[in-house]
Amino acid sequence: MRYAIFLRAINVGGRRIKMAELREAFEEAGFDDVATHLASGNVIVSSSTRPSRTTASSIVQNRFGFSSDAFVRSRSEVRSVIDRVPWDPTESTVEVSLLGVMPGRSAAEQLEATAVPPEQLCVSEHEVYFSRIGGGAETTHKEETAARILDQATTRRGLKTIQGIYDRFLQE
C-alpha cells in the first residue's frame, strides 16, 4: 500500500535536507518505492504496514540530527482530505494543516472562531482547512495558533501540493 508522510518544518529555519538524502534515509529504513515531492518534507512510500509517526520522525532524527513531527496518510485518506475541502478551491487559496489526532469539538470551534474574514477556517477530522482570498495576500492565521489551541503539532500544505501528491504518486 502507498502512504504519504508529511514531515513538519523541513527546509525552513536552517533545517536543510536534500530530497535525495531523505529518500535514501527512508529506503535504508526498509520502505519501498520511496519518492519525494517538492523540497518540503513530503515522502511517499510503499509498505505492507502503515508507517508509524514515531518511525518516520525517528528516521529524520537519526539521519539528520533534528526532530520533525510526521503525519501519515494512506492513499484513501489523502483522497478524503481533497474531497472534504469545505469551499470551492477555485475561489481562494486553500491550505490544509494536518493533525496527528482529531481534536475535540470545543477546541475545533475555538480555532474556527479565530478566522478573520474574508479568511475561513474549518476543522474536519484530522485536518484544519484554511481559505484565503487573494493567493499572495498576507494571512492573519498562523500555524502556531492552531498548534496552541488544538494542543498538538501540525504541518501545513497547500491543497495544490496535496492534490499533486495524490495525482502523481497515489492515484490508482
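Residues numbered from 1 in each chain as written. Predicted model: local features only at pLDDT ≥ 70, side-chain atom pairs only at ≥ 80, totals over all residues. Heavy atoms only, no water.

A. Region of the structure containing the sheet that holds strand β7 (residues 127-132). The strand order β6-β7-β5-β8 describes an open sheet built from four strands, whose pairing is antiparallel. Either end of the sheet is taken by a strand with one partner, and the two such strands are β6 (120-124) and β8 (154-158). Averaged over neighbouring strand pairs, the angle between their axes works out to 20 degrees when direction is ignored. Sitting on the sheet, helix α4 (residues 105-112) touches β6 and β7, and the angle it makes with β6 is about 165 degrees. In this fold helix α5 (residues 143-150) packs onto β5 (93-99), β7 and β8, with an angle of close to 140 degrees to the strand it touches most, β8. (Pairing = 2+ DSSP bridges. Helix = DSSP H or I, 4+ residues; strand = E, 2+ residues; numbered from the N terminus. Axes fitted to C-alpha atoms, helices over the stretch in contact; angles between N-to-C directions. Contact = heavy atoms within 4.5 Å.)

B. Highlighting helix α2 (residues 53-64). Between its first and last C-alpha atoms α2 spans 17 Å; for twelve residues at 1.5 Å apiece the expected length is 16 Å, and the two agree. Among the residues making up α2, those that are buried are A56, S57, I59, V60 and F64. The buried residues of α2 all sit within an arc of 150 degrees when viewed along its axis, so they share a single face. With respect to the buried face of α2, the exposed residues turned more than 90 degrees away are T54 and N62. Turning to α2, the residues buried within the fold contact β1 (2-7), α1 (19-28) and β4 (70-74). With its phi angle positive at about 80 degrees, G65 sits one or two positions after the end of α2. (Expected span 1.5 Å × (residues − 1). Buried < 20%, exposed > 50% of the residue type's maximum accessible area, 1.4 Å probe, protein only. Arc of directions from axis to C-beta.)

C. Expanded view of the pairing of β1. Counting buried positions along β1 yields six of six residues, so the element is predominantly enclosed. Side chains R2, A4 and F6 of β1 all project onto a buried face; the interleaved residues Y3, I5 and L7 project onto the opposite face, where all are buried too. Examined bridge by bridge, β1 and strand β3 (residues 42-46) share five bridges and lie antiparallel to one another. In the strand pairing of β3, R2 is matched with S46. Relative to β4, β1 runs antiparallel, the two sharing five bridges. The partner of A4 across the bridge, within β4, is R73.

D. Quick look at the sheet that holds β3. The antiparallel open sheet is built from four strands, whose spatial order is β2-β3-β1-β4. Of all the strands in the sheet, the pair left with one neighbour each is β2 (32-37) and β4. Recorded for the sheet is a direction-independent mean angle of 20 degrees between the axes of neighbouring strands. Its contacts with the sheet put α2 on β1 and β4, and the angle it makes with β4 is roughly 130 degrees.

E. Structural view of unusual backbone geometry. A cis amide bond links P117 to the next residue, P118, at an omega of 15 degrees. Counting through the fold element by element, P118 comes out in the loop between α4 and β6. Even without a glycine there, the phi angle at N11 is positive, about 60 degrees. Residue placement: N11 occurs in the loop between β1 and α1.

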